[in-house]
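An overview of the molecular structure
This is what each chain is made of:
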Amino acid sequence: MTGDAMTRDAHQTPNRLRLAVVDMVGTTITDDGRTDQAMSRALAEAGVEPGSSRFESMLGYARDTMGFSKMTVFSHLFSDAAVAESANKVFEKAYDELIEDGGVRPIPGAEDAILWMRESGMQVCLATGFGRHTQNMVLESLGWMGLADLSLCPADAGRGRPYPDMILTAVLALDLDDVREVAVVGDTSSDMLSGVRAGASLVAGVLTGSHSEATLRAAGANVVVDSIKQLSLLLEKHEARHF
């Protein structure tokens, strides 16, 4: 192949999507507000008075930054690193206790969508802002260990969302050739921003979680659907446009 031909080939958009990096809470699973409950407990145990303006402001920030690494959120909320670390541990312990009652459930159609992607030849990575222990607890509670090709949390990659690290870690771990072979699916602005920063060719928002269509599009979503149930049709349309 000549140098010119190699250059042209390098600039062509890949025809196939080979990897979907998919968020967990709000995208593939619902926890019926348990993230909020665990966050409230962590703030209270860190000495923030429940119901106070400071408490509500901090809780509002945590909601706005859904999808971020929880440690990153606490590091922003508390200037004392020891307090932030302690709050994160309280959050993880509280969340573990809250999900033991079976409160974490798959979003309708999520498991089928993941299986459809894998059967169609795509690899799937489940990504989260939780720590590894909590992520494993959630996967085990659903019987989802092994459902995806890979699961990643911020500690696995260096930084969590909105940075692109987890997506790029998945690309390396699963031996992709091109970041444009990636689809990113999530319910928060941080999911969308991480997809844009990673160079994914499809950045899809779903409306089953935290953020509105306007918020998702403002953060870089190039498509927004009601839920992950529509993902198979979305991926088929995406690939049809690129053949």
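For the structure, check the block above.
Here we look at the overall build of the protein
In terms of regular secondary structure, the protein is built from 12 helices and 8 strands. Computed over C-alpha atoms, the radius of gyration of the protein comes to 19 Å, within 12% of the 18 Å expected from 2.2 N^0.38 for 243 residues, which places it in the range of a compact globule. Principal-axis analysis of the C-alpha atoms gives the protein an extent of 65 × 35 × 30 Å. Considering the protein as a whole, with its 243 residues, one finds that 50% of them fall into the buried category.

Focus on the pattern of salt bridges
Under the criterion given, the structure shown has 13 salt bridges. The residue D23 makes a salt bridge to R161 at a minimum N-O spacing of 3.1 Å. Of this pair, D23 sits in strand β1 (residues 19-23) while R161 is found in the loop between α8 (154-157) and α9 (165-173), placing the two residues 138 residues apart along the sequence. The same class applies to D23 as to R161, namely buried. Residue E97 is joined to R41 by a salt bridge in which the shortest nitrogen-to-oxygen separation is 2.9 Å. With E97 in helix α5 (residues 81-99) and R41 in helix α2 (residues 34-45), the pair connects residues that are 56 residues apart, well separated along the chain. You can call E97 partly exposed: its relative accessible area is 37%.

Regarding the packing of helix α3 (residues 53-64) against helix α4 (residues 70-77)
Two measures define how a pair of helices packs: the angle their axes make with one another and the distance between the axes. Remark: α3 packs on α4, axes separated minimally by 11 Å, with the N-to-C direction vectors making an angle of 145°. Remark: the crossing between α3 and α4 carries right-handed chirality. Contact residues: α3 offers M58, Y61 and A62, while α4 offers V73, H76 and L77. Here the residues of the contact of α3 with α4 are counted per class, giving 5 nonpolar, 1 polar and no charged.

Let's talk about the packing of aromatic side chains
Scanning the entire structure with this criterion turns up 4 aromatic pairs. Here the aromatic rings of F91 and F130 are separated by 6.0 Å at their centres, their planes lie at 35°, and the arrangement is tilted. With a gap of 39 residues between them, F91 in helix α5 and F130 in the loop between β4 (123-127) and α7 (132-142) connect regions that are remote in the sequence. Summarising the aromatic geometry, the rings of Y95 and F130 are spaced 4.7 Å apart at their centres and angled 45° between planes, so their arrangement reads as tilted. Of this pair, Y95 sits in helix α5 while F130 is found in the loop between β4 and α7, placing the two residues 35 residues apart along the sequence. Y95 gets classed as buried once you look at its relative accessible area, which sits at 0%. Cluster of aromatic residues (ring-pair linked, three or more members): F74, F91, Y95 and F130.

Topic: the packing of α2 against α3
One way to put it is that α2 packs onto α3 with a least axis distance of 10 Å and a crossing angle of 140°. The orientation of α2 with respect to α3, classified from their angle, is oblique. The hand of the α2/α3 crossing is right-handed. Between α2, through D36, M39, S40, L43 and A44, and α3, the contact on the second element is made entirely by F55, M58, L59, A62 and R63.

Structural notes on the nonpolar core
Core analysis: the largest hydrophobic core is formed by 54 residues, its most contacted members being L43, F74, F78, M117 and W144. If you tally residues by element for this core, the top one is α5, at 8 residues. When near neighbours in sequence (up to four residues on either side) are disregarded, F78 contacts L43, A46, V48, R54, M58, V83, A84 and A87. A127, V171, L216 and V224 belong to the second largest nonpolar core, which has 23 residues in total.

Basis of the calculations
- Residues numbered from 1 in each chain as written.
- Predicted model: local features only at pLDDT ≥ 70, side-chain atom pairs only at ≥ 80, totals over all residues.
- Heavy atoms only, no water.
- Helix = DSSP H or I, 4+ residues; strand = E, 2+ residues; numbered from the N terminus.
- Rg over C-alpha atoms; globule rule 2.2 N^0.38 Å.
- Buried < 20%, exposed > 50% of the residue type's maximum accessible area, 1.4 Å probe, protein only.
- Salt bridge = Lys/Arg side-chain N within 4 Å of Asp/Glu carboxyl O.
- Axes fitted to C-alpha atoms, helices over the stretch in contact; angles between N-to-C directions.
- Left-handed = near helix turned anticlockwise from the far one by under 90°.
- Contact = heavy atoms within 4.5 Å.
- Nonpolar A, V, L, I, M, F, W, Y, C, P; charged D, E, K, R; others polar.
- Phe/Tyr/Trp six-rings, centres within 6.5 Å; stacked < 30°, edge-to-face > 60°.
- Parallel < 35°, antiparallel > 145°, perpendicular 65-115°, else oblique.
- Core = buried A, V, L, I, M, F, W, Y, C linked by side-chain atoms within 4.5 Å.

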